[in-house]
Amino acid sequence: MWQVVGQNRAVSLLQISLAKGTLAHAYLFIGPQHVGKMTLALNLAQALNCEAAEPPCGVCSSCQKIASAKHADVQVIGLASADLTEGKPRAEISIDQIREAQHSANLPPFEGKYKIFIIDGAEFLSHEAANCLLKTLEEPPERVVFVLLTTNARLLPATVVSRCQRLDLSLIAASEVETTLNTRWGVAFDKAKLLARLCHGCLGWAIQAALDDGLLQQRAERLEKLLDIMGAGYEERFAYAAKLAEQFSQNRGRVQEVLDLWLDWWRDLMLTKVGCCDMITNADYAATLTDWARSLSLTEIRLFMADIQAVGEQLRQNASPRLALEVLMLNMPKRKEGVLVKHG
Ligand SMILES: [Zn+2]
């Protein structure tokens, strides 16, 4: 049974190729973080090496070894698997990692039927590593399948993309995430419902948040900070802009996460304002949202949403983070006089 959830189109395509024996030598799975790319890649590896009549069975020794990352013929190559350089994680997948995989690809499978090389975060392949990989993709060895995973195919060389069969993974419906969390992971209904909204179609995030309270705690802290800033004067807002700009220099992704959270919040304010409260993401903050929506106009909300999106784009284009974030703080609408209802 294929474990991956909500990817029926991709699964049936792979099943047909397996049944007809028309499998590609290289696949490119594209989709946002936590949507199920790695799960699908591991399922494919299981399907190729499974010992049962209807692969992947999930219970034979091959399937189990692959699930627990102990199968000698299934290798994951990525930033996490790279050796640490001076104690810091690498920023690129190096040519050495690809050379090592190539060497191994030229030897027959050790214990299974196929060798599978999963390149996690293929957009991080260095220029040299991508060129080196291209040679293998052009002349693939027998019984070897490469599976490249990426959030954005445009960040990969077109020559590499053109050598792979492309599979776009879909965002998973909130109702399906909710049911999966409840039935497979035993998450209580209320929590499953909230996580299904917060994960934006990426089940992996919801599972991680269900297993580790840290993610929800971090979200609560970020939302409280946003509420503080919305009620604060310019001095405090600019101090926060400076802090975010400093964070940006160390970890761009984290600042983008904050901006994404803000955009969700302001979208929720818009939905609340127009009476579509059932559609909000931050359902556990419904009362606070109603309170804030009362004190802001729809135009103010709409304009600020556009501002948040614009800053995200400016940061991607290497604008000065401090300036962009300061302007954002300046543009954030001020709450009109009223009683502040805090969450909790
Ligand atoms: Zn099996």
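One can find the structure itself at the top, above this paragraph.
Position labels on residues start from 1 in each chain and follow its written sequence. This being a predicted model, a pLDDT of at least 70 is required before a residue's local features are given, and a value of 80 or more before pairs of side-chain atoms are given or counted; all residues contribute to the totals for chains, interfaces and linings. Hydrogens and water molecules were not included; the side-chain quantities draw on all heavy atoms of the structure.

Caption draft 1: Structural view of the overall build of the protein chain. In this text, helices come from DSSP runs of H or I with a minimum length of four residues, and strands from runs of E with a minimum of two, each type numbered from the N-terminal end. Within the protein chain one finds 15 helices and 5 strands. Seen through its principal axes, the protein chain has C-alpha atoms that stretch 70 × 45 × 35 Å. To sort residues, take the accessible area from a 1.4 Å probe on protein chains only and compare it with the maximum for the residue type: under 20% means buried, over 50% means exposed, and anything in between is partly exposed. Relative to its 344 residues, the protein chain shows a buried fraction of 44%. Residue contacts follow a heavy-atom distance rule, with two residues in contact if any of their heavy atoms lie within 4.5 Å. Expressed as a percentage of contacts within the protein chain between residues at least 6 apart in sequence, the contacts between residues at least 24 apart total 70%.

Caption draft 2: Focus on the pattern of salt bridges. Basic side-chain nitrogens of Lys or Arg form a salt bridge, by our definition, when they fall within 4 Å of a carboxyl oxygen of Asp or Glu. For the coordinates displayed, the defined rule picks out 9 salt bridges. Here D168 and R166 are joined by a salt bridge, their closest N and O atoms 3.1 Å apart. We note a salt bridge from E257 to R222, for which the minimum N-O separation is 3.0 Å. One end of the pair, E257, is in helix α12 (residues 252-273); the other, R222, is in helix α10 (residues 214-231), with 35 residues separating them in the sequence. With relative accessibility at 41%, the residue E257 sits in the partly exposed group. Given the relative accessible area of 15%, R222 is considered buried.

Caption draft 3: How the structure looks around the coordination of the zinc ion. In this description, a donor is an N, O or S atom within 2.8 Å of the metal centre, a cutoff extended to 3.2 Å for sodium, potassium and calcium. Water is not part of the atom list, which can make sites seem incomplete. For the zinc ion, the full set of protein donor atoms is C50 (SG), C57 (SG), C60 (SG) and C63 (SG), at a range of 2.2 to 2.3 Å. Every angle between 85 and 135 degrees makes a four-donor site tetrahedral, while opposite donors more than 155 degrees apart, with all other angles between 65 and 115, make a four-donor site square planar and a six-donor site octahedral; other sites are irregular. The site at the zinc ion holds 4 donor atoms, and with the angles between them running 104 to 118 degrees, its shape is tetrahedral. Taken in chain order, the donor set of the zinc ion reads C-x6-C-x2-C-x2-C. One end of the pair, C50, is in the loop between α2 (37-49) and α3 (61-67); the other, C60, is in the loop between α2 and α3, and 10 residues separate them in sequence. Comparing C50 with C60, the two get one shared label, buried.

Caption draft 4: Examining the pairing of strand β3 (residues 115-120) more closely. For β3, the buried fraction is high: 5 of the 6 residues fall into the buried class. Here strand β2 (residues 74-77) pairs with β3 via 4 bridges, running parallel. By the bridge assignment, Q75 is partnered in β3 with F117. Strands are treated as partners if at least two bridges between them are detected by DSSP. Two elements, β3 and strand β4 (residues 144-150), share 6 bridges in a ladder whose sense is parallel. Residue pairing across strands places I118 opposite V147, the latter belonging to β4. The handedness of the β3 to β4 crossover, carried by helix α5 (residues 127-138), is right-handed. Note on handedness: a clockwise path from strand one over the helix to strand two, with the strands aimed away from the viewer, defines a right-handed crossover.

Caption draft 5: View of α5. Take the number of residues in a helix, subtract one, and multiply by 1.5 Å to get its expected span. Compared with an ideal rise of 1.5 Å per residue, which puts 12 residues at 16 Å, α5 spans 17 Å between its outermost C-alpha atoms and is within 8% of the ideal. Where α5 is concerned, the buried positions are A129, A130, C132, L133, L134, T136 and L137. Elements that come into contact with the buried residues of α5 comprise β1 (26-30), α4 (95-105), β3, β4 and α6 (158-162).

Caption draft 6: Layout of the nonpolar core. What makes a nonpolar core is a set of buried Ala, Val, Leu, Ile, Met, Phe, Trp, Tyr and Cys residues whose side-chain atoms join them at distances within 4.5 Å. Ranked by internal contacts, the top residues of the largest apolar core, which has 36 residues, are L226, M230, W262, W265, W266, L269 and M332. If you list the elements that add at least two residues to this core, you get α10, α11 (234-250), α12, α13 (286-294), α14 (298-316) and α15 (321-331). For this core, the element with the highest residue contribution is α12, accounting for 9 residues. When residues no more than four places from it in sequence are discounted, the contact partners of M230 are R237, W265, W266, L269, W292, M332, P333, K334 and R335.

Caption draft 7: Examining the packing of α12 against α13 more closely. Between α12 and α13, the shortest axis-to-axis distance is 9 Å and the interhelical angle comes to 75 degrees. In terms of axis orientation, α12 runs roughly perpendicular to α13. Of the residues in α13, those touching α12 at W265, D268, L269, T272 and K273 are T288, L289, T290, W292, A293 and R294. Gly counts as polar in this scheme, as do all residues outside two lists: the nonpolar Ala, Val, Leu, Ile, Met, Phe, Trp, Tyr, Cys and Pro, and the charged Asp, Glu, Lys and Arg. The residue makeup of the contact of α12 with α13, split by class, is 5 nonpolar, 3 polar and 3 charged. All axes are obtained by fitting lines to C-alpha atoms, using only the stretch in contact for helices, and the reported angles, taken between N-to-C directions, cover 0 to 180 degrees. An angle below 35 degrees is read as roughly parallel, one above 145 as roughly antiparallel, one from 65 to 115 as roughly perpendicular, and any other as oblique.

Caption draft 8: Layout of the packing of aromatic side chains. Stacked, edge-to-face and tilted labels apply to pairs of Phe, Tyr and Trp rings (six-membered ring for Trp) whose centres lie within 6.5 Å, assigned for plane angles under 30 degrees, over 60, and everything in between, in that order. In the structure shown here, the tally under the stated rule is 6 aromatic pairs. Measuring from centroid to centroid gives 5.1 Å for F117 and F146, while their planes differ by 20 degrees, and the two rings are stacked. Taken together, the residues span a long stretch of sequence, with F117 in strand β3 and F146 in strand β4 at a distance of 29 residues. For F146, a relative accessible area of 4% puts it in the buried group. Aromatic pair Y240 and W262: ring centres 6.3 Å apart, planes at 25 degrees, arrangement stacked. Residue Y240 is located in helix α11, and its partner W262 is located in helix α12; the two are separated by 22 residues in the primary sequence. W262 gets classed as buried once you look at its relative accessible area, which sits at 1%.

Read these as layout, nothing more, since geometry by itself doesn't imply function.
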